[in-house]
Amino acid sequence: MASITLKGTEIHTVGNLPAVGQKAPDFELVNIDLSTSKLSDYQGSKVVLNIFPSIDTGICAASVREFNKKASNLSNTKVLCVSRDLPFAQGRFCGAEGLENVINQSDFNTGKFGKDYGVEIIDGPMKGLHSRAVVILDEEGVVTYAEQVPEIVQEPNYDAAINALS
């Protein structure tokens, strides 16, 4: 269990992020067109998992915009933005923003991703949503970087995440 804060108030996640050097847990997430994707669909590419509570909050939206901007310069890399938002909300946001370098994926139907990656919040007002975290995977699905953002209203360390892709 990780202890994080929401505007200074301690809350907790169901577990911890996968460790650097560990094979990432497989997942099945829902795309904005309601199809599903698994981790194995991205084998052979580096993967950025930008995980957050909801696309409809300022910091979450900022992280999607920032990774979209940075992803345009990355080769052989997929940026997956993962939340419990409905795929319709994710699609609306990216369409309105003109974001084309990220892939929004939802864990709304099972919540299994949140549990397996240790990011499901288990108490407080955001219970059931994902914490803010970034996990970087190599082409074989091995974790090369993991950041559990300690305060939900803070942005992740974009530079450290992007540098982990080198």
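What counts and what doesn't
- Residues numbered from 1 in each chain as written.
- Predicted model: local features only at pLDDT ≥ 70, side-chain atom pairs only at ≥ 80, totals over all residues.
- Heavy atoms only, no water.
- Pairing = 2+ DSSP bridges.
- Helix = DSSP H or I, 4+ residues; strand = E, 2+ residues; numbered from the N terminus.
- Axes fitted to C-alpha atoms, helices over the stretch in contact; angles between N-to-C directions.
- Buried < 20%, exposed > 50% of the residue type's maximum accessible area, 1.4 Å probe, protein only.
- Contact = heavy atoms within 4.5 Å.
- pLDDT = per-residue confidence, 0-100.
- Patch = residues over 30% accessible without salt bridge, like charges linked within 9 Å, V, L, I, M, F, W, Y side chains within 5 Å.
- Areas by Shrake-Rupley, 256 points an atom, 1.4 Å probe, with all protein chains shown as cover.
- Salt bridge = Lys/Arg side-chain N within 4 Å of Asp/Glu carboxyl O.

To continue, consider the pairing of strand S9 (residues 143-148). Here strand S8 (residues 133-137) runs beside S9; their pairing, made up of five bridges, is antiparallel. Residue pairing for S9: Val135 is matched across the bridge by Ala146. Counting the residues in the hairpin turn of S8 and S9 gives five residues, including Gly141, whose phi is positive at 85°.

Attention shifts here to the sheet that holds S9. Strand-to-strand pairing in sheets goes through backbone hydrogen bonds, with the strands running parallel or antiparallel. A sheet is described by the order of its strands in space; here seven strands give the open sequence S4-S3-S7-S6-S5-S8-S9, paired in mixed fashion. Two strands in the sheet have a free side with no partner beyond their single neighbour: strand S4 (36-38) and S9. Strand-to-strand, the axes of this sheet are offset by a mean angle of 30°, without reference to chain direction.

Now for the environment of Val82. Assignment of secondary structure puts Val82 in strand S6 (residues 77-83). Overall, the relative accessible area of 0% leaves Val82 in the buried class. Along the sequence, Val82 and Val134 sit 52 residues apart, while their C-alpha atoms lie 9.9 Å from each other. With residues near it in sequence (within four places) discarded, Val82 still touches Leu29, Leu49, Asn50, Ile51, Phe52, Gln105, Phe113 and His130.

Looking at the protein chain as a whole, the pLDDT averages 87, with 87% of positions reaching at least 70. Mean pLDDT across the secondary structure elements of the protein chain bottoms out at helix H2 (residues 87-97), with 64, and peaks at helix H3 (residues 112-116), with 97.

This paragraph deals with a nonpolar patch on the surface. A cluster of nonpolar side chains, Leu34, Leu86, Phe88 and Phe108, forms an exposed patch at the surface whose accessible area comes to about 390 Å². Within the secondary structure layout, Leu34 lies in the loop between strand S3 (28-31) and S4.

For the rest of this paragraph, the subject is unusual backbone geometry. Of note, the phi angle at Lys7 is positive, near 50°, even though the residue is not glycine. Structurally, Lys7 is set in the loop between strand S1 (3-6) and strand S2 (9-12). The exposure class assigned to Lys7 is exposed, which follows from its relative accessible area of 68%. The residue Asn76 is not glycine, and still its phi comes out positive at about 50°. Position of Asn76 relative to the elements: it lies in the loop between helix H1 (58-71) and S6. Of the residues examined, Asn76 reaches a relative accessible area of 41% and is grouped as partly exposed.

Quick look at the pattern of salt bridges now. Counted according to the given criterion, the structure contains three salt bridges. Here Lys38 ties to Glu28 by a salt bridge, and the two come within 3.9 Å at their closest N and O atoms. In this pair, Lys38 is assigned in strand S4 and Glu28 in strand S3, connecting sequence segments 10 residues apart. We classify Lys38 as partly exposed; its relative accessible area is 37%.

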